[in-house]
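What follows is the residue order along each chain.
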Amino acid sequence: MAIAAITSFSLFATAQGVIIDNTYEQLMLLQEDAVAANELLNESFGHDAVGNITFPNDFAGARIEENKLVLSLTNTGIDNTTKYLNWVGDYADCLVFEKVDYSYNHLMDAVARAAHELKELGYPITQYYVSETNNDVVIGMNFDDISYQDSVLRSTRSETLATALSDEYNVPIRFENIAPTTVTATNAIATLRGGAKITNITANCSMTLSCCGSYGGVPAILTCGHGGQSPNDIIKYASSSGSTIGNVYIHRYYDGDIGDFEIIKITNTDTFSTSNSINNTYSITGTLSSPAVGTIIKYYSRTTSSFGYGSVGRRNVEVKASSGKTIGGLTELKVTYGSCESGDSGGPFFQDASSGAKYCGVLHGNRTDSSGNMYVYFTPYTYISSAGFSVRTN
């Protein structure tokens, strides 16, 4: 087996199955130290210019179970685990270690090459990612797509293909039936706080303001990239008689991009000011660069004026959106409660901590599997901060 036994404690994620609504706040509080420990690790690892976290070569994954941060490592010797304990400082008691066969970097390199090979052969690849829980890689294909059933694919069952690829790349590879994500911008506008409605006049598309902050010392706001077209698009605020807020300065939603977001510089500072509010309900007091698997996260649906929540299932996922574009670096949240409708794109994700909301990222879109489970995807803050945006936290 790839994963060795870990030290014994109750596994909330598997034992509970579905998070019960009336225990949600208690579970959030239970996770706080583990979430803080994961953030310290992300800071210690560092990141590249784009925002990809530079995981150590012995690191294989991190996930939260109850109040513990379980770290999967290829080397669990005392000298190696000590460095992780030192990185998290006062949160060392939160860490639990398990030994696995494959590092995250090795798995990600393998799945990227395997997915590229399959795309070149015409397979309808919709998603790929490293499973930090199972220490393997998953490639998503839309089994309902007509191209999956054409002559190129008819003679090759997915199980046979997975076995062949596993042998070729020397890592465990499996396939899942995953439809493309649905991006959820619509046509129209709103106010300068997280959860407000804004419009891209140039693209004639409306979406949700994720949060306020700054870029290069200038007040700025953040939203999704797929509601726009390019830098310099004009963003307006309809409930203020169509006053212009500003212009798109950074646009991230090109095919093959890492992340789906836009940074908009506020040019009309006489009319508009910023805040750290999310829908006048939560105040952002900090950020999480890339929440670990198992972290309970809230998000805001503007179209239904409601907050949803779920737990992180996968990180660094590459998806094929309904627009046909391939976008990488996304985090997937399996929704326990909530909705995601057209116009919600760009909305905020955050951890509801006792010290205030910790901002996590920008809504990309959603999908629903054959069992009716909904998954929402967001661009984690690590890519946004690397682009130069700073969230307002006061």
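Residues numbered from 1 in each chain as written. Predicted model: local features only at pLDDT ≥ 70, side-chain atom pairs only at ≥ 80, totals over all residues. Heavy atoms only, no water.

Helix and strand counts for the chain stand at six helices and 23 strands. With 394 residues in all, the chain has 56% of them scored as buried. When the accessible surface of the chain is split by element, carbon and sulfur atoms take 46% of a total near 15400 Å². (Helix = DSSP H or I, 4+ residues; strand = E, 2+ residues; numbered from the N terminus. Buried < 20%, exposed > 50% of the residue type's maximum accessible area, 1.4 Å probe, protein only. Areas by Shrake-Rupley, 256 points an atom, 1.4 Å probe, with all protein chains shown as cover.)

Judged by nonpolar contacts, the single largest core of 53 residues is most densely connected at F59, L69, L71, Y84, I139, F349 and V376. No other element matches helix α4 (residues 104-120), which puts eight residues into this core. Among residues more than four places away in sequence, those in contact with L71 are L41, F59, G61, A62, Y84, L95, V96, F97 and E98. Among the nonpolar cores identified, the runner-up in size contains 37 residues, and L192, C211, I235 and A387 belong to it. (Core = buried A, V, L, I, M, F, W, Y, C linked by side-chain atoms within 4.5 Å. Contact = heavy atoms within 4.5 Å.)

If you walk across this open sheet you meet the three strands as β1-β2-β3, and the pairing is mixed. Every interior strand has two partners, whereas the edge strands, β1 (59-65) and β3 (95-99), have only one. If you compare each strand with its neighbour and ignore which way they point, the axes differ by 25° on average. Two elements, β1 and strand β2 (residues 68-73), share six bridges in a ladder whose sense is antiparallel. Bridge pairing links F59 to L73 in β2. Contacts from helix α2 (residues 24-45) reach β1, β2 and β3, with the element oriented near 40° to β2. (Pairing = 2+ DSSP bridges. Axes fitted to C-alpha atoms, helices over the stretch in contact; angles between N-to-C directions.)

With that settled, consider the confidence of the model for the chain. A residue-level look at the chain finds 87% of positions with pLDDT of 70 or above and a mean pLDDT of 86. Least confident of the elements in the chain is helix α1 (residues 12-16), whose mean pLDDT is 30; most confident is β2, at 98. Within the model, pLDDT remains below 50 along residues 1-20, and this stretch shows 42 contacts once partners closer than five positions in the same chain are excluded. Note that residues 151-155 has pLDDT below 50 and, in this model, seven contacts with residues that lie over four places away or in other chains. (pLDDT = per-residue confidence, 0-100.)

Attention shifts here to the packing of aromatic side chains. Under the counting rule described, the total for this entry stands at 18 aromatic pairs. Seen in terms of ring centroids, Y300 and F307 are 4.9 Å apart; in terms of plane orientation they differ by 50°. Their pairing is tilted. Each member of the pair Y300 and F307 is classed as buried. Residues F307 and F350 carry aromatic rings whose centres are separated by 6.0 Å and whose planes lie at 90° to one another, so their mutual orientation is edge-to-face. Pair noted here: F307 is in strand β18 (residues 306-320) and F350 is in strand β20 (residues 348-353), with a separation of 43 residues, a long-range link. By relative accessible area, which is 19% here, F307 ends up buried. An aromatic cluster is defined as three or more aromatic residues linked by ring pairs; in this entry it consists of F45, F55, F59, Y84, W87, F97 and Y104. Sitting over the ring of Y249, K265 keeps its end group 4.0 Å from the ring centre. Over the face of the ring belonging to Y375 we find R367, whose NZ or CZ atom lies 4.2 Å from the ring centre. (Phe/Tyr/Trp six-rings, centres within 6.5 Å; stacked < 30°, edge-to-face > 60°. Lys NZ or Arg CZ within 6 Å of the ring centre and 35° of its normal.)

For the rest of this paragraph, the subject is the sheet that holds strand β11 (residues 218-223). Taken in spatial order, the eight strands line up as β9-β8-β12-β13-β14-β11-β10-β23 in an open sheet, and their pairing is antiparallel. At either margin of the open sheet sits one strand with a lone partner, and together these are β9 (205-208) and β23 (389-391). When the angles between neighbouring strand axes are averaged without regard to direction, this sheet yields 40°. As judged from the four bridges shared by strand β12 (residues 234-237) and strand β13 (residues 243-252), these two strands associate in the antiparallel manner. From the neighbouring strand, K236 faces β13, where its bridge partner is T244.

All of the buried residues along helix α3 (residues 78-88) are N80, T81, Y84 and V88. Looking straight down α3, one finds its buried side chains confined to an arc of 95°; they lie on one side. Turned more than 90 degrees away from the buried face of α3 sit I78, D79 and N86, all of them exposed. Where the residues of α3 are buried, they touch α2, β1, β2 and β3. Just past α3, the residue G89 takes up positive phi, approximately 55°. (Arc of directions from axis to C-beta.)

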